[in-house]
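Residue-level structure breakdown
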Amino acid sequence: MKSFRIADYGQPLQEMDDATPAPQDAEVLVRITGCGVCHSDVHLWEGYFDMGGGQQASVARGHTLPFTLGHEIVGVVEAVGDGASGCQVGDAAVVYPWIGCGACPACEAGLEPSCPRPRNLGVHVNGGYASHVMVPDCRYLYAYGDVPLELAATYACSGITAYGALKKVQPKAEGRHLLVIGAGGVGLAGLLIAQAMLDTEIIVADIDDKKLAAAREAGAAHTVNPTDDGARKQIMQLTGGGAPAAVDFVGSDKSAGFGISALGANGHLVVVGLFGGALNLSVPLLPLKGLTLQGSYVGTPAEMKELMDLVVSGKVKPLPVATRPLAEANQTLQDLAHGNIVGRVVLTP
Ligand SMILES: [Zn+2]
Ligand SMILES: [Zn+2]
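In short, a report on the structure.

Side note on the coordination of the zinc ion (ligand 2)
Protein-derived ligands of the zinc ion (ligand 2) are Cys101 (SG), Cys104 (SG), Cys107 (SG) and Cys115 (SG), with the metal-ligand distances lying across 2.3 to 2.4 Å. In terms of primary sequence, the donors binding the zinc ion (ligand 2) are separated according to C-x2-C-x2-C-x7-C. Judged on exposure class, the residue Cys104 and its partner Cys107 are both buried.

A word on the environment of Cys35
Along the chain, Cys35 turns up in strand E3 (residues 28-37). Along the primary structure Cys35 and Leu149 are separated by 114 residues, whereas in three dimensions their C-alpha atoms are 9.3 Å apart.

A short note on the packing of helix H3 (residues 149-173) against helix H9 (residues 301-312)
Across the interface, H3 lies against H9 with an axial gap of 10 Å and an inter-helix angle of 105°. Between H3 and H9, the angle is such that the two are roughly perpendicular. Of the residues in H9, those in contact with Tyr155, Ala156, Gly159, Ile160, Tyr163, Gly164 and Lys167 of H3 are Glu303, Met304, Glu306, Leu307, Met308, Leu310 and Val311. Across the contact of H3 with H9, the residue classes break down as 9 nonpolar, 2 polar and 3 charged.

Structural notes on the packing of aromatic side chains
The tally for this structure, following the rule as stated, stands at 3 aromatic pairs. Note on Trp98 and Tyr297: the rings are 6.1 Å apart at their centroids and 65° apart in plane angle, and the pair reads as edge-to-face. Note that Trp98 is positioned in the loop between strand E7 (92-95) and helix H2 (105-108) and Tyr297 in the loop between strand E15 (292-295) and H9, a separation of 199 residues in sequence. According to the relative accessible area criterion, Tyr297 is partly exposed, its value standing at 47%. An aromatic cluster of three or more residues is present, and its members are Tyr96, Tyr140 and Tyr142.

Some remarks on the coordination of the zinc ion (ligand 1)
Around the zinc ion (ligand 1), the protein contributes the donor atoms Cys38 (SG), His71 (NE2) and Cys157 (SG), which lie 2.0 to 2.2 Å from the metal centre. Mapping the donors of the zinc ion (ligand 1) onto the primary sequence gives the spacing C-x32-H-x85-C. Residue Cys38 is found in the loop between E3 and helix H1 (39-46), and its partner Cys157 is found in helix H3; the two are separated by 119 residues along the sequence. Residue Cys157 is classed as buried on the basis of its relative accessible area of 9%.

Considering unusual backbone geometry
With omega at -5°, the peptide bond leading from Leu65 into Pro66 counts as cis. Mapped onto the elements of the fold, Pro66 is located in the loop between strand E5 (55-58) and strand E6 (72-80). A positive phi angle, close to 50°, is found at Asp25, a residue other than glycine. Judged by its relative accessible area of 59%, Asp25 falls in the exposed class. The backbone of Val298 sits at a positive phi, close to 35°, despite the residue not being glycine. With respect to the secondary-structure elements, Val298 resides in the loop between E15 and H9.

With respect to the pattern of salt bridges
Under the counting rule described, the total for this entry stands at 8 salt bridges. Put simply, Asp18 and Arg5 hold a salt bridge, and the shortest N to O gap is 3.9 Å. In this pair, Asp18 sits in the loop between strand E2 (14-17) and E3 while Arg5 sits in strand E1 (residues 2-5), placing the two residues 13 residues apart along the sequence. The salt bridge partner of Asp335 is Arg324, with a shortest N-O separation of 3.1 Å. With Asp335 in helix H10 (residues 329-337) and Arg324 in strand E16 (residues 321-325), this pair connects stretches of sequence that are 11 residues apart. Owing to a relative accessible area of 14%, Asp335 belongs among the buried residues under this scheme.

A short note on the nonpolar core
Within the largest apolar cluster, 90 residues are counted, with the highest numbers of intra-cluster contacts made by Tyr129, Val135, Leu141, Leu178, Ile193 and Val204. Among the elements that make up this core, the one with the highest residue count is H3 (13 residues). When neighbours within four sequence positions are excluded, Leu141 is seen to be in contact with Val28, Val30, Val77, Cys87, Ala93, Val94, Val95 and Val135. Residues Leu179, Ala205, Ala231 and Ala262 belong to the second largest nonpolar core, which totals 15 residues.

Quick word on the packing of H3 against helix H4 (residues 185-197)
In the contact formed by H3 and H4, the axes pass within 9 Å of each other and the chain directions differ by 55°. Comparing the axis directions of H3 and H4 gives the class oblique. Judged by the sense of rotation from one axis to the other, the crossing of H3 with H4 is right-handed. Taking contact as the criterion, the partners of Ser158, Gly159, Thr161, Ala162, Tyr163, Leu166, Lys167 and Gln170 in H3 are, on H4, Val186, Ala189, Gly190, Ile193, Ala194 and Met197. Residues that form the contact of H3 with H4 fall into these classes: 8 nonpolar, 5 polar and 1 charged.

Rules and cut-offs
- Residues numbered from 1 in each chain as written.
- Chains lettered and ligands numbered in written order.
- Predicted model: local features only at pLDDT ≥ 70, side-chain atom pairs only at ≥ 80, totals over all residues.
- Heavy atoms only, no water.
- Donors = N, O, S within 2.8 Å, 3.2 Å for Na, K, Ca; no water.
- Buried < 20%, exposed > 50% of the residue type's maximum accessible area, 1.4 Å probe, protein only.
- Helix = DSSP H or I, 4+ residues; strand = E, 2+ residues; numbered from the N terminus.
- Axes fitted to C-alpha atoms, helices over the stretch in contact; angles between N-to-C directions.
- Parallel < 35°, antiparallel > 145°, perpendicular 65-115°, else oblique.
- Contact = heavy atoms within 4.5 Å.
- Nonpolar A, V, L, I, M, F, W, Y, C, P; charged D, E, K, R; others polar.
- Phe/Tyr/Trp six-rings, centres within 6.5 Å; stacked < 30°, edge-to-face > 60°.
- Salt bridge = Lys/Arg side-chain N within 4 Å of Asp/Glu carboxyl O.
- Core = buried A, V, L, I, M, F, W, Y, C linked by side-chain atoms within 4.5 Å.
- Left-handed = near helix turned anticlockwise from the far one by under 90°.

See the structure below:
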């Protein structure tokens, strides 16, 4: 099998050729047909996450080098182990990468992304910048119907992340309003998925007017620029007293602060972005307005099933995606690190 791997953090990925492994027990060998390049790959490649205030969190403890990045994988089942059930050779599937140990209370409750011993593909174990990937079980594979494979790949990360956050605000947003903060990659995915899963009027807030234009084109009923005077008042008027539900896809002190200020009584803000910063929160506002502030990280296998059913049904409008050959993995990572990529790039072996 071929792979492009981190040999040294921050250095160009190295192309390697190894024997293709044979699946054991419940394992499934997937021949990769596409793998998205996500912004978090840049941090994993650099070797650390910036936690704000000059603090860095090393990723080196999570895996050993050389290491294969890539957690937005689609492919075709090439071989299955003796104990595998639920999939067969030739099946085309999106791979759910947020895999846990399978034995702890979180995993047993179906909350694999909360597992303390994670085996996330492309984060802890070798991922999708390769010709093949080993998946521990058929149950991590999801059919994607007639959806183009490069689009299907994006549902494994930006899609499931947006869906997991939207599920949390669904009861408050249904039949009312939803404020989407941030119209970047995941925010735009969230806007498209929200239209398919919720009956709600969507307001998008972003400090970039170009992104607001893109959000209107993608179906936002209203857009607001938080840097404009009266932005909060505008939301109060649009929602009749404040948003009942909001999702912050940016995750900065400013975006979360704006989200809280835009909530109405009993409003619910879910923060899903990881930009960074520290929040200055008026504590009495929580009881006085009955607010809920919640975090959300990717989504569970059950949510992945719900999302893919929605996608296969054709209800989710497509996100723009470009493809590049796998051999351009290095260049793509560098381009992403330097902010030279608009939208999603999916590598195809
Ligand atoms: Zn990702
Ligand atoms: Zn576990």
